[in-house]
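Working through the structure, step by step
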Amino acid sequence: MEVMEVSTETTSSERTIDIVVGNEALNLLENKQFCEQWDSLYESCTWATVFQSRQFVTSNYTLTHQKYTPVIVKMEHNGKLTGLLNLAINPPGRKKRKKNCYLVGAGHGEADYHAWLTSREDSTYFVGTSFRKLLKKFPGQHISLRHLNPDVPTDWVEADPEIGKLCVFQPFNRALVDLDNYQISKRDRKRINRMNRIGQFEEVKDLTVFESIIDDLGAKYDFRQAAMFNQFPFSESPTNRKFLLDLFKRGVIRVTIFRTKDDIIAGIASVHGKERAILGGINFHLPSYSYYSPGYIQFLLLFDHLSKEKNHKFFDLTPGDDPYKMRLASKVETVYKLTVTPDPVFRADKQFKIKLYDWILSKGHNPYTIKLHIDKEKYIMKEKGMKKYLTQLIKSKIKKPVFESYNLSLNGQVPETAPVVLKRNNLKDLLDYQFDGTKATRWEFYSDGMRKMEANEECFTWAKNEVLLASVWFKKEKNERTEEECVLVYDFYFDEEAEGSEKEFFESVLKRLKEEGIENVEVKLGPDDKNLYSLVKSYQH
């Protein structure tokens, strides 16, 4: 988006409200007096969160201004900063109904709480006047702030009915953990002890260490987000990496990990300020270690770690009804997403969706789980095309795929050298999967992969030049016919670039298994593995 440079000023009773946009807003960040007064206003504002701090907003504006144009609304009284609202112009979306820009809180999705900074006495005047001027300056646009915490004053809605009638408040639950009185139960202490036998919890305090592991953490976080939501926060937005590193330098975020001898199996980044820690940036655990509940244990260890410092009152798990948040919470509060819009149709649509959400919730269902399922099916349909989607759906309902199994002995049949280099349970390789229009879509591939890993199934991968060339899954089990212990090898995938290299990959898999002491292998082939039948039969005993 082209950066605009506009300022609009309104004066009342010696209070001056100024809207500063684009490069002019960025230049304001270099004004020493403005920055000092911002810091002072932030510290004195009782409902402010770290997302309104100068450190967080400056970092965000600096790194994202090419996409999100900064908008600063400031109020001054006799030369002193007494009100501040940091926004950004969100660029148009792809959907036609989102062709217009709209105003969002600074940080947008990276900031879980948006708010204005004023004294409680100035709040009503500042909010009403600011919203009115913003809607005039950006006609037809909406203002979206997510989320307002319970301390943010809302009496301006009744005091200024002209603006109040343009507002829609959508409630959300947020889970909080009381760190002042935090204790770990005996049952959870046993779980912690079990996980401590394979590694240790640690906080990353050195920037060079964080720089050395951030790509690994990002890939693991991306895999989990891709499997659950079809999102890739790091790989599709390089700015996120820079943003987290910059916040780390500024002391705004802290990073904790759980490290085993060979790997980092869990990690959490949290944003800190105003005696509160807030989940943000990174939250992952390796599905292959699900036996230890590493994600849950990492949170327990983090809460315990912070509670001992005695300078945090709460850990905020952020809004959302995720089961793990409710399980960890000491208490649950209501926060609100605020939408200000002069468009009655848009406003009515928002209000209808809120009522629908409440109705679904009253029936014992999670609206977001339902929406996620619908979004996934729509995505698969779009990627594969309606005809292929319906064909595969009908086939899956009326005819189960037929699989054939082949028992192989690895004694004396495996080549001495492996033709290709394999990696084991490598999430970065799996993220390089490319949908070819016929096999599983990326969302299906990742969600299926995470499910398998959570069931203690493993995979070998072969990747090159950021392309997953081949992969296969395996697990230990008893052979159904012989009752002998064996390794089941199944679900082969080959990229079109690996055409003709099936034998090399298969032999490398067998050699790797033999090196690990495996003697008996059962290979299961399905309808999509026709090019492997003759190859596997040649190894059959």
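Structural notes, computed from the coordinates. (Residues numbered from 1 in each chain as written. Predicted model: local features only at pLDDT ≥ 70, side-chain atom pairs only at ≥ 80, totals over all residues. Heavy atoms only, no water.)

Along the protein, the regular secondary structure elements total 18 helices and 20 strands. Overall size of the protein, expressed as C-alpha extent along the three principal axes, is 95 × 55 × 45 Å. Out of the 541 residues in the protein, the part that is buried amounts to 50%. Within the protein, residue pairs in contact and separated by at least 24 positions form 72% of the contacts whose partners lie at least 6 positions apart. Of the roughly 27,400 Å² that the protein leaves accessible, carbon and sulfur atoms contribute 48%. With 81 positive and 77 negative side-chain charges, the protein shows a separation of 4 Å between the mean positions of the two kinds. (Helix = DSSP H or I, 4+ residues; strand = E, 2+ residues; numbered from the N terminus. Buried < 20%, exposed > 50% of the residue type's maximum accessible area, 1.4 Å probe, protein only. Contact = heavy atoms within 4.5 Å. Areas by Shrake-Rupley, 256 points an atom, 1.4 Å probe, with all protein chains shown as cover. Lys, Arg positive; Asp, Glu negative; His and termini not counted. Charge placed at Lys NZ, Arg CZ, Asp CG, Glu CD.)

Moving on, we come to the environment of S447. When you line up the elements, S447 lands in helix α16 (residues 442–454). As for S447 and N366, which are separated by 81 residues in sequence, their C-alpha atoms are 19 Å apart. Apart from residues no more than four positions distant in its own chain, S447 is found in contact with A227 and K376. Polar side-chain contacts of S447 include one of 3.2 Å to the backbone oxygen of E444. (Polar contact = N/O pair within 3.5 Å; in protein donor to acceptor, adjacent residues only side chain to side chain.)

Turning next to the nonpolar core. The biggest cluster of nonpolar side chains holds 124 residues, and the ones touching the most others in it are W116, F131, L134, F210 and F315. A total of nine residues in this core trace back to one element, the largest contributor, which is helix α8 (residues 207–229). In this structure W116 touches C45, W47, L84, L85, S123, F126, V127, L145, L148, V152, P153 and W156, once residues within four positions along its chain are discounted. (Core = buried A, V, L, I, M, F, W, Y, C linked by side-chain atoms within 4.5 Å.)

Here helix α12 (residues 344–362) contains 19 residues, and its C-alpha end-to-end distance of 27 Å stays within 8% of the 27 Å for a straight helix at 1.5 Å per residue. All of the buried residues in α12 are R347, K350, I354, Y357 and I360. Angularly, the buried residues of α12 cover 150 degrees about the axis, an arc narrow enough to put them on a single face. Residues of α12 that are exposed and point more than 90 degrees away from the buried face comprise P344, V345, F352, K355, W359 and S362. Tucked into the core, α12 has its buried residues touching β8 (167–178), β14 (331–340) and α13 (367–384). Looking at where α12 begins, the residue whose side-chain oxygen comes 3.0 Å from the main-chain nitrogen of V345 is D343. Directly after α12, the chain includes G364, whose backbone phi takes a positive value near 85 degrees. (Expected span 1.5 Å × (residues − 1). Arc of directions from axis to C-beta.)

Attention shifts here to the packing of aromatic side chains. Enumeration according to the criterion identifies 33 aromatic pairs in this entry. Ring centres 5.0 Å apart and planes at 85 degrees place the aromatic pair F51 and F56 in the edge-to-face group. You'll find F51 and F56 in the same group, each marked buried. Look at Y406 and Y533: their rings are 6.1 Å apart centre to centre, the planes differ by 90 degrees, and that puts the pair in the edge-to-face class. Highlighted residues: Y406 in strand β15 (residues 404–409) and Y533 in helix α18 (residues 533–537), separated in sequence by 127 residues. Y406 sits in the buried class, given a relative accessible area of 5%. Y533 sits in the buried class, given a relative accessible area of 17%. (Phe/Tyr/Trp six-rings, centres within 6.5 Å; stacked < 30°, edge-to-face > 60°.)

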